[in-house]
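Now for the letters of each chain:
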Amino acid sequence: MKSRNLVLPILVVAALCLSVSSNALQISWQQIPGGLKVVSKGSSGVWGVNVHDNIYRLNNDGKSWTQVPGGLRQISSGYEVWGVNSADNIYKYLPSARTWQQLPGALVNVDVSDAGHVWGVNRGGNIYRWLGNTWQQIPGGATQVSVGESGVWVVNSAGNIYYRVGTYGDADTAGSDWVQVTISTSTCRLLEHGSSYRELL
């Protein structure tokens, strides 16, 4: 993976700046009843798993949960709901049948976007993209992956953040390269003064 400057869409950079700025807006949180170790929100709703790998879906009242049969260690809600269990098996939820379909491969982390694009990471840190019936390995290494409107992002074992060039907008593509994303105080100051992301290069 290369480390170089990245032309990011302005809203993505601004969001990262909020996380490091001491002047970030104070956001209030509403506690939801229950206890989970992983939670994911997408167009399929809010899903989560607890410490016992039990699966739950948030009800429409926004306050109660319905347990869904099965057991997963990690879950992702997007166009569909995907997850992985403690044996690294990969599953996709079939709402009409109310059951889980096992898919080929083995992953420790999987993420699905609202457009239905699925990326994952296996126990060896290899990165994969789902092509509909098989996995395409993507060069690089990661421990966690996220895919959505802001593109494909990963974190590696050293805690470094990388963005996949060409994937912004939830594009159906493998992208072209990984670039490391670093946000400095000077970058955030430029944004506060209304600079465009092209001026950050």
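It should be emphasised that the depicted structure is a prediction, and the values quoted were computed from it without experimental measurement. (Residues numbered from 1 in each chain as written. Predicted model: local features only at pLDDT ≥ 70, side-chain atom pairs only at ≥ 80, totals over all residues. Heavy atoms only, no water.)

Chemist: For this particular structure, what's the right way to read the pairing of strand 15 (residues 161–164)?
Modeler: Each regular strand displays side chains that alternate between the two surfaces of the sheet. Relative to strand 15, strand 14 (residues 151–155) is paired through three bridges, and the arrangement is antiparallel. Residue pairing in the sheet places tryptophan 153 in a bridge with tyrosine 163 of strand 15. Connecting the antiparallel pair strand 14 and strand 15 is a turn made up of five residues, with glycine 159 showing a positive phi of about 85°. As paired elements, strand 15 and strand 16 (residues 178–180) share three bridges and run antiparallel to each other. Looking across to strand 16, one finds that arginine 164 is bridged to tryptophan 178. (Pairing = 2+ DSSP bridges. Helix = DSSP H or I, 4+ residues; strand = E, 2+ residues; numbered from the N terminus.)

Chemist: Would you take a moment to explain the sheet that holds strand 7 (residues 90–94) for this structure?
Modeler: Across a sheet, paired strands are connected by hydrogen bonds in the backbone, their directions being either parallel or antiparallel. With antiparallel pairing, the four strands of this open sheet are ordered in space as 5-6-7-8. Looking along the sheet, the strands with just one partner apiece sit at the ends: strand 5 (74–77) and strand 8 (99–103). The mean inter-strand angle of the sheet, taken between neighbouring strand axes irrespective of direction, is 25°. With five bridges joining them, strand 7 and strand 8 adopt antiparallel strand pairing. Across the sheet, residue leucine 94 finds its bridge partner in strand 8, namely threonine 99. (Axes fitted to C-alpha atoms, helices over the stretch in contact; angles between N-to-C directions.)

Chemist: Honestly, empty space enclosed by the protein in this entry has me stumped. Any pointers?
Modeler: Any space left empty among the atoms is revealed by the rolling of a water-sized probe across them. Overall, the coordinates contain one cavity of 30 Å³ or more when judged by the stated rule. Lining the largest cavity, in full, are His117, Val118, Trp119, Arg129, Val147, Val152, Ala171, Asp172 and Thr173. Each residue belonging to the lining of the largest cavity can be placed in one class, and the counts come to five nonpolar, two polar and two charged. (1 Å grid on protein atoms, 1.4 Å probe; cavity = no way out; pocket = protein on both sides within 12 Å on 5 of 7 lines; lining within 4 Å. Points joined across faces, edges and corners; volume = space filled by probe spheres on them. Nonpolar A, V, L, I, M, F, W, Y, C, P; charged D, E, K, R; others polar.)

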